[in-house]
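Single-letter residue listing:
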Amino acid sequence: MSKKKADILVITPHPDDAEFGTAGTVANFVRQGKTVVYIVCTNGDKGTDSLDCKPEVLASLREKEQLEAANVLGVKEVIFLRHPDQSLEDTPEFRKEIVRYIRLYRPDLVITADPYRRYIWHRDHRIVGRVVLDAVFPFARDIWSYPDFLDQGLKPHKVKEVWLWAPEDKDINLRSDISQSFDLKVKALKCHRSQIKKPFASEMEKWLCQRAKDMAGEEKFKLAEGFHRVEMWW
Ligand SMILES: [Zn+2]
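Residues numbered from 1 in each chain as written. Predicted model: local features only at pLDDT ≥ 70, side-chain atom pairs only at ≥ 80, totals over all residues. Heavy atoms only, no water.

Novice: Hey, could you run me through the nonpolar core in this one?
Specialist: Inside soluble globular proteins, nonpolar side chains tend to come together where they are buried. Among the nonpolar cores identified, the biggest contains 32 residues, and I11, F94 and I98 are the most heavily contacted of them. Of all elements in the fold, only β1 (8–12), β2 (36–42), β3 (77–83), α3 (92–105), α4 (123–139) and β5 (161–165) reach the threshold of two or more residues within this core. Those residues in contact with I98 that sit more than four places away from it in its chain are I11, C41, L81, V131, V132 and A135. By size, the runner-up hydrophobic cluster in this structure holds 27 residues, among which are V26, F29, V78 and I111. (Core = buried A, V, L, I, M, F, W, Y, C linked by side-chain atoms within 4.5 Å. Buried < 20%, exposed > 50% of the residue type's maximum accessible area, 1.4 Å probe, protein only. Helix = DSSP H or I, 4+ residues; strand = E, 2+ residues; numbered from the N terminus. Contact = heavy atoms within 4.5 Å.)

See below:
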């Protein structure tokens, strides 16, 4: 199998989550010349309150929106795993699928949803975050985790850091300065037209700005995205 390479792998439950969670930070990395690849785990086909909007139509629309948003940010490639919305489980198969992409792209940094928001949190977000953490360690690292991967040239890989978006406030230990990329974050989010409807559409920019100010906390910069950063010991 040919070796691909990404500096950063963003693994997102649904189309649009990565833009809410980490678009400003992604735009910064791209500006620095880093290669960013998205993996979108579900097709988001339940993301509507309209009976007229059929799941298969919505899924195809959301792929287009996601590609448009990724293009705004300069993401190099978007991979759609196309699991149905609300269907993810922490299974050996899903874990292996994620490990496969980690070993294929060999990123230094993986960014995904924090699985440890308490109480109400989308199940797909919880599952993706947890499965990605398990995939990074020990499954992507250990040589005998998947002997069949070795035959395919997918050697073990040590990710250096995992950044988790949307942590509980008390868990934020990294505030990423998005003062210079906030406009791109808004532009990318606006691509998700099926999700951003009135009255939220008109309020979204104000809401995002307030949220980014809150995330900046006591930092010297004005606008931020907040993460829980996990640094590996190797
Ligand atoms: Zn989501």
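Novice: I keep staring at the sheet that holds β1 and nothing clicks. Help me out?
Specialist: Adjacent strands of a sheet pair through backbone hydrogen bonds, lying either parallel or antiparallel. The sheet built from seven strands is open, its strands ordered β3-β2-β1-β4-β5-β7-β6 with mixed pairing. The sheet terminates laterally at β3 and β6 (174–177), the two strands that pair on one side only. Within the sheet, the average angular offset between the axes of one strand and its neighbour, ignoring direction, is 25°. As paired strands, β1 and β2 are joined by five bridges and run parallel to one another. (Pairing = 2+ DSSP bridges. Axes fitted to C-alpha atoms, helices over the stretch in contact; angles between N-to-C directions.)

Novice: Would you take a moment to explain the packing of helix α2 (residues 55–73) against helix α6 (residues 182–190) for this structure?
Specialist: Angle between the axes and distance between the axes are the two parameters that describe a pair of packed helices. At a minimum axis distance of 8 Å, the contact between α2 and α6 shows a crossing angle of 165°. Between α2 and α6, the crossing angle belongs to the class labelled roughly antiparallel. Along this stretch, α2 crosses α6, giving a crossing that reads as right-handed. Residues A69, V72 and L73 of α2 form the contact with α6, whose participating residues are L184, K187 and A188. For the contact of α2 with α6, the residue count by class is five nonpolar, no polar and one charged. (Parallel < 35°, antiparallel > 145°, perpendicular 65-115°, else oblique. Left-handed = near helix turned anticlockwise from the far one by under 90°. Nonpolar A, V, L, I, M, F, W, Y, C, P; charged D, E, K, R; others polar.)

Novice: What's the story with the coordination of the zinc ion in this structure? I'm lost.
Specialist: Six octahedral donors at a metal ideally form angles of 90 or 180 degrees, and four tetrahedral donors ideally form angles of 109.5 degrees. Protein-derived ligands of the zinc ion are H14 (ND1), D17 (OD), D17 (OD) and H125 (NE2), with the metal-ligand distances lying across 2.0 to 2.3 Å. Linear spacing of the donor residues for the zinc ion on their chain is H-x2-D-x107-H. Of this pair, H14 sits in the loop between β1 and α1 (17–31) while H125 sits in helix α4, and the two are 111 residues apart along the sequence. Judged by its relative accessible area of 9%, H125 is buried. (Donors = N, O, S within 2.8 Å, 3.2 Å for Na, K, Ca; no water.)

Novice: Looking at this structure, I do not really get the layout of surface pockets. What am I missing?
Specialist: If you roll a probe as big as a water molecule over the atoms, it shows you where there is empty space left. Of the voids in this model, the largest pocket is the one considered here, and its volume is about 410 Å³. As for the largest pocket, its lining consists of 20 residues, and the residues nearest its centre are F20, G21, A166, W207 and R211. Looking at the lining of the largest pocket, the elements that each hand over two or more residues are α1, α7 (200–216) and β7 (224–231). The dominant element in the lining of the largest pocket, judged by the number of residues it contributes, is α7, at five residues. Looking at side-chain class alone, the lining of the largest pocket contains 12 nonpolar, three polar and five charged residues. Within this model, the second largest pocket holds a volume of roughly 200 Å³. Lining the second largest pocket are 13 residues; nearest its centre among them are H14, D16, D17, H122 and Q195. (1 Å grid on protein atoms, 1.4 Å probe; cavity = no way out; pocket = protein on both sides within 12 Å on 5 of 7 lines; lining within 4 Å. Points joined across faces, edges and corners; volume = space filled by probe spheres on them.)

Novice: I tried to follow the pattern of salt bridges on my own but got confused; where do I start?
Specialist: Oppositely charged side chains may form a pair once their charged atoms are brought near each other. Scanning the model with the defined rule gives 16 salt bridges in all. The partner of D90 in a salt bridge is R95, and the shortest N-O contact between them spans 3.8 Å. A residue is classified by how much of its surface remains accessible, and D90, at 37% relative accessible area, is partly exposed. On the accessibility criterion, R95 (16% relative accessible area) is buried. A salt bridge links K96 to D148; the nearest nitrogen and oxygen atoms lie 2.7 Å apart. Taken as a pair, K96 in helix α3 and D148 in helix α5 (residues 147–151) lie far apart in primary sequence, 52 residues in all. Since its relative accessible area comes to 27%, K96 is described here as partly exposed. (Salt bridge = Lys/Arg side-chain N within 4 Å of Asp/Glu carboxyl O.)

Novice: I would appreciate a short explanation of the packing of α1 against α6 in the present structure.
Specialist: In the contact formed by α1 and α6, the axes pass within 9 Å of each other and the chain directions differ by 125°. Viewed along their axes, α1 and α6 adopt a mutual orientation that is oblique. You can see that α1 and α6 cross each other, and the crossing is right-handed. From α1, E19, F20, G21, T22, A23, G24, A27 and R31 reach across to α6, where they touch L184, K185, A188 and L189.

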